Amino acid sequence: MDALQVISSATQIVSNMVGAIAALEQASRNLDEGPKRIRSLEEFVCDLENLIRRLKHKHVNKLHNPQLDHQIQSLNSLIERLHPNISKARRMVSKSRLKNLAKVVWTSMAGDPLGKLLNSIKDDLNWWLESQRLVHDVEKTLESTAQDSGVRLKIRTEQGYPVSSKCYFVRNLLEKDGSQRVILIVGLSGIGKSFLARQVASDPPEKFMDGAVELGFGQWCSRAACNRSIVEYQRRLARKLCKFLVQIGFRKKIRDEHSGDLEYTCCLLQEALYGKSILILLDDVWEQDIVERFAKLYDNDCRYLVTTRNEAVYEITEAEKVELSKDDVKETSMEVLLYHSLLSKEELPQVAENLLERCGHHPLTVAVMGKALRKETRADKWEKAITNLSTFATCAPGPVSYVNEKEAENALTIFGSFEFSLDAMPGDSRELFIALSALSWEEPVPEACVEAVWSVLGQETLFPLIVCKLVEGSLLMKIDTDPLYLVHDMVALYLESKTNNSVQILLNATTAEEAAFICPWLLIFGKERVKYFSEKRIVSFLGAFEEKHVIITLEATIQALMASKSISELEDSRAIFSSLLGPRTADLISTESQSLIAVSAQAITIIFSKSDYCNYFPSLEYTGAVSKLACILENCDDSVIQTDISVVLAKLAEFGTQETVDKVLQSIQFHQLAELLSPNNDQWHDSMFSILISLMKAGKSKAVERMLAFEIDKALLRLLQNGSEVAQHHAIVALKTFYELGDSHLVGTLEPKNINLLPWQARHCLERFVLSDQSVPLLPQLQTFEDLIYKVLHNDSKLVLEAMQDLIPIIENAGEPSIRDMIIESPLIKQLSELLQRGSFEDNSIKSQTAFLLMKLASSGGESCIQKFLEYDIIPDLVKMMQCSSIELQDAAYTALHQMCFGSSGILVLNQILQMGLIERMAQSLESKSRKTREVNVHCFLDIVELGNKACIERMISLQVVEKLVKIEKASGGTSETLLGFLKGIDKCKHLSVAERRVMKQQVIRKIRASLKGHKFEFQILGAVDACVSEGSKAGSSSGSSRGKHKRG
């Protein structure tokens, strides 16, 4: 029983007491009834006391809740006020009849003391009831305001860098009225500009109501990095701004055709920041126009903290300039050294002051040196470190570009600290670090990529130890919640000078097998010029048709693609590889090597999109590809190869001629498909359903006949009986397609006696589908329908409800064209839309019944009725109803939306939810205080995941839906149900390929891990999530990795 239930129980008792007081007033005129009424009041007070005792005993661990404590205290206060008044009333009515007669005479002359006492009790009760109503109304108002308020954005600061006096100076500038909107933080490289800015932004002044957000730019987003290409620079800047829009939760979808349009994106930026008050940290800016684009935005109260080391940016006139000098960092450098060296001030050698001076007190240099000298207390070691730092700084390679001349000495000192740190490490760590300079560090790099680089250098099992040394030395940074690595911008600048070395290590000094393995990774995650060399090598490997090299290249390509951080990154990478693999597909499939054909088939299923199949598959029809693939399939026992080749054959049929379709239908081993569809082979189900759908699209009734001959339908029914939830969903879709294409062939399979054996969910879906074409009973005459419409338009609620009940049989037959036309041409749908908007409590029954009728109408009337719903904005009204305070209406609204979405025209409903921004409102409702509101919106999101596409799911991710679902799980005891439902929805989504599902699920899991870090349910929920994901990952992992075969000894 929570605070809401407390007040509900107490309110019921107090309301009964008010009624008892009225009865007691009557009893004051009937002296025999008085004592009985007083006893009733005393019993009510006793009930209140018992209620409080039960609550305190049951919720002894929750009494810290302020709302619950306040409710209990208010009840105690009421009881204390009631006791003395009720005792006085009892004494008055319990006197002898003679005294009561005397009292009546006295009352007639001096007034009624009992009446006054009763009025006092009534006032106390009404006061309490009114106070609770007031609290409820205020809570509703505050809840409404909270629903309309955005989440306050936050920036995390970094450990090991104490707050300096400069931090307070910058904060005072931000709080000062009339100061410039832009604050430039300038200073030498590595002096701690970003650390300072993050410290300020992590705890912004209260005037920034919407919080603070960070956007990093770096050298990558500069004209120089784009070889002075304006088009490329603007494209990169537009991508950065689009990322910023996602960070601040901007709801408007960025259309694909404008994703690289800088001016369009800036217009969205103006719209997104309208009325906002955000402290925006623009970190490592290299171009003046970036700051100017933000500064000229109007109608907002945003301020901009800008860090830069480019003198051109210094020239911005309308900005406060804060210079971070050596004196500023000097006050905190000792604390930085103590933190990273793991020494106390007493343990630190006296020569440490000399080291700080040699480091220029720069935080990054001090941190690197401190970690290199971790736990070292011997003074001679520190003196040697100072000498070596000077030596390394003298010999260190100068920065390649982008650094001002006056910073050259400073940069060399920092680079010298990197060299010193590397020198103290094992040789393997040094070699890995230099090899990592081949990668682009503009974005975090997946751990799988770093491990792939190491795999061509040394023994794979040593990777955790080797990379750990780089992290400990501050040369690499690992994100706590994700398997991702990133580097400081000065480390990236240092690595820039080592790029040629890395190319030599990874591409020139390696064996052909090692190069074949690493090139796909470098083509996705490498620097631009490294990508160029990698692409040339891949083309060479694919063109030479050296079997071993091609197999290694294709297997590594699959692994690298699966390491993508998001669907958009996967699509970009697939486009590159499809352009390389596509033109060579016919040659690869035409080879005599079954192993090469098998791995090519696997790569095709991962890399190719629909357009690739259209472009490249027609050429396979004339190369004997079907025969070759069929031959392998017939003699193969490996489930992985069977599945991949069957997928390719099915796609050949889907995008080929009728002759190819016939060949494929004869070549597909349907008995193998039936075996892989067994409930125990759940790792293959996703691919099997894809194969069945492709074959049915291509062969239609012929494909169904072949499947029936091999009892695929019975295998699907067995899945419905014993398969997983996801398998049942796909089996229902396949059986529906069977029924549509197979005419009378399925009468035996889907007859009632078989359907009745299925789980109720599957039975409900199939009964509704299979029986939908059966003959319907005779309809009422048309004039009856007109009479019902007249009643629905009436103001009498009783008549409206009666008419709605009578309309149900007619609406259920809206599948008949004449009936559907009659309904659409009538004012029924318009009137139903108006009934949804009624606001009084008495109309709840009407609104609930209206939602039911709309659901029925959508189910039977199809697209024509849905179009009418869109015309009258019925979908937004149903979404709004899901947020109301009536549980009955919330259930009715969700049920109606659910049936509409899963109906034949569900895509129209889903599109309106997305286009009208309703999904944003639902995302906000996931944080509602109402448990029911959260529940129906969670269910709705799970429906949308299942029905949506890539863009739709990515939009949900950008709205932090996953994080909000994690928050719900934390509050509900860590059951994991909603998160598992979300992941299963991705599995059910028919608009995602196998590869896209895997990448999308990895992205969701990273967000789950980040949101759960340190929580008491972390291991419980992650265990359930990992178990759910592992169910479908066996196929992907079964293909094996070739990495172990291509390493140096």
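These figures come from a predicted structure and were not determined experimentally. (Residues numbered from 1 in each chain as written. Predicted model: local features only at pLDDT ≥ 70, side-chain atom pairs only at ≥ 80, totals over all residues. Heavy atoms only, no water.)

Student: Just checking my understanding: could you explain the overall build of the protein for this structure?
Tutor: For the protein, the count of helices and strands is 55 helices and 8 strands. The burial tally for the protein puts 52% of its 1049 residues in the buried class. Within the protein, contacts between residues separated by at least 24 positions form 74% of all contacts whose residues are at least 6 apart in sequence. Here the protein displays about 47,400 Å² of accessible surface, and carbon together with sulfur accounts for 50% of that area. (Helix = DSSP H or I, 4+ residues; strand = E, 2+ residues; numbered from the N terminus. Buried < 20%, exposed > 50% of the residue type's maximum accessible area, 1.4 Å probe, protein only. Contact = heavy atoms within 4.5 Å. Areas by Shrake-Rupley, 256 points an atom, 1.4 Å probe, with all protein chains shown as cover.)

Student: What is the right way to look at empty space enclosed by the protein in this model?
Tutor: Under the definition given, this model contains 3 cavities of 30 Å³ or more. Of the voids in this model, the largest cavity is the one considered here, and its volume is about 140 Å³. Lining the largest cavity are 13 residues, and of these Pro162, Gly192, Gln199, Thr332 and Pro363 lie nearest its centre. Looking at the lining of the largest cavity, the elements that each hand over two or more residues are helix H7 (193-202) and helix H12 (326-341). Of all the elements, H12 adds the most residues to the lining of the largest cavity, at 4 residues. Of the residues that constitute the lining of the largest cavity, the class distribution is 8 nonpolar, 4 polar and 1 charged. (1 Å grid on protein atoms, 1.4 Å probe; cavity = no way out; pocket = protein on both sides within 12 Å on 5 of 7 lines; lining within 4 Å. Points joined across faces, edges and corners; volume = space filled by probe spheres on them. Nonpolar A, V, L, I, M, F, W, Y, C, P; charged D, E, K, R; others polar.)

Student: Help me understand the sheet that holds strand E5 (residues 320-324), please; the structure alone is not making it clear to me.
Tutor: Sheet strands pair via backbone hydrogen bonds, and the direction of the pair is either parallel or antiparallel. The strand order across the open sheet built from 5 strands is E2-E3-E4-E1-E5, with neighbouring strands paired in parallel fashion. Both outer strands of the open sheet, strand E2 (212-216) and E5, are each paired with one neighbouring strand and no more. When strand polarity is set aside, the average angle formed by the axes of neighbouring strands in this sheet is 20°. Relative to strand E4 (residues 303-308), strand E3 (residues 279-285) runs parallel, the two being bridged by 5 bridges. Bridge pairing in E4 places valine 285 opposite threonine 308. Here helix H8 (residues 230-247) sits on the sheet in contact with E2 and E3, set at roughly 160° to E2. (Pairing = 2+ DSSP bridges. Axes fitted to C-alpha atoms, helices over the stretch in contact; angles between N-to-C directions.)

Student: Got a minute to help me understand the side chain of glutamate 920 in this structure?
Tutor: Note on placement: glutamate 920 falls in helix H48 (residues 918-925). On the accessibility criterion, glutamate 920 (5% relative accessible area) is buried. Within the structure, glutamate 920 has its side chain in polar contact with the side chain of arginine 955 (distance 2.9 Å). (Polar contact = N/O pair within 3.5 Å; in protein donor to acceptor, adjacent residues only side chain to side chain.)

Keep in mind that these numbers describe shape and distance, not what the molecule does.
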